[in-house]
Amino acid sequence: MNANLYALFASRFPQDRSACCIETHDGLYYTWNDLDRATAKIANLLAGLKLPRDARIAVQVEKSPEALMLYLATIRAGYVYLPLNTAYRAAEIEYFVTNAEPAVVVCSPQNFGWVSQIAFKSGTKHVFTLGEDRQGSLLQRAALQSNSFDTAHREPGELAAILYTSGTTGRSKGAMLTHDNLASNALVLQEYWRWQPGDVLLHALPLFHVHGLFVASHGALLNGSKMIFLPKFDAAEVLRRLPRATVFMGVPTYYVRLLAEPGFGREVCANMRLFVSGSAPLLMDTFNEFRRRTGHTILERYGMSETTMLVSNPCDGERVGGTVGLPLPGVSVRVVKGDGSPCPAGEVGDIQVKGPNVFQGYWHMPEKTAEEFTADGYFKTGDVGRFDERGYLSIVGRSKDLIISGGYNVYPKEIESFIDELDGVVESAVVGVPHPDFGEAVTAVVVLKPDARISEPEIVAALKSRIANFKVPKRVLFVPELPRNTMGKVQKNLLRERLVNT
Ligand code: MCA
Ligand code: AMP
């Protein structure tokens, strides 16, 4: 049997291939036939490049149906998809390209100059462009290809994607996900979330992270469901489209912003079946207010790039606010003490997971991979939580130093290293403080040299030119010194407390 994930999707396409598969915000309709032919053409283009079996295809493009097709074509041709956030700047792209050594890079036409320079310098042979309105060399070249393609044969354990994720120390690590990791998770979620005939997904998430690329798209593809594609989340646009949708997925910021829309309520949600939230903690206030305004109970679930989805509130059973639900069928989740022994219900400990969804390790980092697994094969999530008596999991914190802002992960150490390089800075500490829209706001606390003149706007401007904009601190505060414990470690909890109270 061919374990290629694309083969699984293709086996679930609806019988009527002339039905709509993707509808865009500006009124274009793509049928299932279009999806099949376009992915065949792109797969033929990639296959014609005679790439090695595990070739990585790194992609930094704006969201569009063609961007999704490029992902599917990569899988179909048997190569490894490597999505990159469109906010990443040169230093970030250089790191990913150098680390992953992709055979092919696809970027937006307007970024071709700098991206191709980085790519060619690191040994990439092919750089194509793809714009949000179908312009660019990728589709020009693919247009000349045949529109049929025999999906490449892949074993369950062969790589389908690499997702870069922040870690506790050091630079980003590439989480290696196999065809089976992705297929098993998609199949479990289809059943667990009761995808049904007639479902229509309103897709507003970006296509470069697990949530939008896998959880949302895979669900619709596996169910043969139409997707209404928005180029990005925009609360007013979502409101306009909701009456024709049945399923919506988002990070908590989306729900906060929807609730801020005066026209949002039961009427626009009348056709809806399911609202899913994840990637960051959903506040009880949002959960309750959403239920009050719409009559719908948001289903919160918990996932990671390394594991895709591992725990979810049920579709049919009770969805408990403030919890992320129950371990998914076939996934083993445990909460353990420092010595590795299991915590009884109600006690807080480290969350660990094992199952067909768990990744194969970090790309080219065998030592880091070994560190993150226990002797009995559980992956250490770096999240801290507790099970209740009924088996619902609550996440109460993170042992990893990570900020989640609007669903994007920000790794404090990376931001600190950029700030520390600036003239006049002695040292810095970056923390997340509660923020009404983004959940947490990246905040920098900086110690300057006595004669330094650098100001908050100057630090912000310097960072904006170097790193993705969502990582740039919303506030920069100056202090004479950072609070440290007796071991000399910066006391970030103390800083956070002080910042909340200022
Ligand atoms: C944009 N900005 C942000 C963020 N996004 N600041 C902090 N955090 C953010 N997430 C800033 C920009 O830097 C810019 O600032 C200003 O907001 C406007 O930018 P724009 O792009 O127009 O913002 P937006 O369209 O309002 O975007 C906010 C957003 C977006 C819609 C919440 O960030 C988003 O779609 N987030 C979802 C992320 C996601 O998909 N996460 C899933 C990861 P300035 O003007 O100063 O430059 S997958 C995952 O975590 C796991 C596996 C899981 O469980 O799902
Ligand atoms: P990433 O590395 O981008 O895949 O982000 C994964 C991290 O997001 C997890 O380790 C959690 O810390 C966090 N996360 C995802 N879903 C939730 C959720 N529902 N509640 C709290 N944190 C979450």
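Everything here concerns the structure above.
What you see is a predicted model; the values in this text were computed from it and never measured.

### Some thoughts on the side chain of Asp437
Phase 1 of the analysis: Following the sequence through the fold, Asp437 ends up in the loop between β22 (425-435) and β23 (439-448).
Phase 2 of the analysis: Polar contacts involving the side chain of Asp437 include one to the side chain of Arg257, which spans 2.7 Å.

### Comments concerning the packing of helix α4 (residues 90-100) against helix α5 (residues 112-121)
Phase 1 of the analysis: It is the contact of α4 with α5, at a shortest axis distance of 10 Å, that shows an interaxial angle of 30°. On the basis of the axis angle, α4 is roughly parallel to α5. Relative to α5, α4 is oriented so that their crossing is right-handed. In this structure, α4 contributes Ala90, Ile93, Glu94 and Val97 to the contact, and α5 contributes Trp114, Ile118, Ala119 and Lys121.

### Observations concerning helix α3 (residues 65-76)
Phase 1 of the analysis: Between its first and last C-alpha, α3 extends 16 Å over 12 residues, near the 16 Å set by a 1.5 Å rise per residue.
Phase 2 of the analysis: Across the 12 residues of α3, 12 count as buried, placing the element largely inside the fold.
Phase 3 of the analysis: Inspection of α3 places Pro65, Glu66, Ala67, Leu68, Met69, Leu70, Tyr71, Leu72, Ala73, Thr74, Ile75 and Arg76 among the buried residues, and these make up the whole buried set.
Phase 4 of the analysis: Looking at the residues trailing α3, positive phi occurs at Gly78, about 90°.

### Digging into the sheet that holds strand β1 (residues 20-24)
Phase 1 of the analysis: Pairing within the open sheet is mixed, and its 9 strands lie in the order β2-β1-β10-β9-β11-β12-β13-β14-β15. Edge positions in the open sheet fall to β2 (29-31) and β15 (326-327), since each of these has one partner strand only.
Phase 2 of the analysis: Where helix α8 (residues 210-223) meets the sheet, it contacts β9 (200-203), β10 (226-229), β11 (247-250), β13 (299-304) and β14 (308-312), and its direction lies at approximately 160° from that of β9.

### Structural notes on the site of ligand 1
Phase 1 of the analysis: If you check the shell around ligand 1, you find 25 residues, and the closest are Tyr254, Arg257, Ser279, Arg301 and Ser405.
Phase 2 of the analysis: Between ligand 1 and the protein, one listed contact pairs an oxygen atom with a side-chain N or O atom of Ser279 at 2.7 Å.
Phase 3 of the analysis: Within the side chain of Lys474, one N or O atom sits 2.8 Å away from a nitrogen atom of ligand 1.
Phase 4 of the analysis: When ligand 1 sits alone it has 1,000 Å² of accessible area, and the protein chains cover 77% of it.
Phase 5 of the analysis: Put simply, the parts of the chain that give the shell around ligand 1 at least two residues each are α8, α10 (252-259) and β13.
Phase 6 of the analysis: Residues of the shell around ligand 1, tallied by class, amount to 10 nonpolar, 10 polar and 5 charged.

### Things to note about the sheet that holds strand β24 (residues 475-478)
Phase 1 of the analysis: Taken together, 3 strands build an open sheet; the order of strands is β22-β23-β24 and the sheet is mixed. Looking at which strands have only one partner, the edges of the open sheet turn out to be β22 and β24. Each neighbouring strand pair of the sheet contributes to a mean axis angle of 25°, computed without reference to strand direction.
Phase 2 of the analysis: As defined by bridge partners, β23 adjoins β24 across 4 bridges and the pair is classed as parallel.

### So, the nonpolar core
Phase 1 of the analysis: Ranked by internal contacts, the top residues of the largest apolar core, which has 159 residues, are Tyr71, Trp193, Phe248 and Met249.
Phase 2 of the analysis: Ignoring any residue separated from it by four or fewer positions in sequence, one finds Trp193 in contact with Val215, Met249, Arg273, Leu274, Val276, Leu299, Arg301, Ser312, Asn313 and Cys315.
Phase 3 of the analysis: Formed by 9 residues, the second largest nonpolar core is a distinct cluster that contains Val445, Val447, Leu495 and Leu499.

### Comments concerning the side chain of Asn99
Phase 1 of the analysis: Relative to the assigned elements, Asn99 resides in helix α4.
Phase 2 of the analysis: Owing to a relative accessible area of 18%, Asn99 belongs among the buried residues under this scheme.

About the thresholds
Residues numbered from 1 in each chain as written. Chains lettered and ligands numbered in written order. Predicted model: local features only at pLDDT ≥ 70, side-chain atom pairs only at ≥ 80, totals over all residues. Heavy atoms only, no water. Helix = DSSP H or I, 4+ residues; strand = E, 2+ residues; numbered from the N terminus. Polar contact = N/O pair within 3.5 Å; in protein donor to acceptor, adjacent residues only side chain to side chain. Axes fitted to C-alpha atoms, helices over the stretch in contact; angles between N-to-C directions. Parallel < 35°, antiparallel > 145°, perpendicular 65-115°, else oblique. Left-handed = near helix turned anticlockwise from the far one by under 90°. Contact = heavy atoms within 4.5 Å. Expected span 1.5 Å × (residues − 1). Buried < 20%, exposed > 50% of the residue type's maximum accessible area, 1.4 Å probe, protein only. Pairing = 2+ DSSP bridges. Near = heavy atom within 4 Å. Areas by Shrake-Rupley, 256 points an atom, 1.4 Å probe, with all protein chains shown as cover. Nonpolar A, V, L, I, M, F, W, Y, C, P; charged D, E, K, R; others polar. Core = buried A, V, L, I, M, F, W, Y, C linked by side-chain atoms within 4.5 Å.

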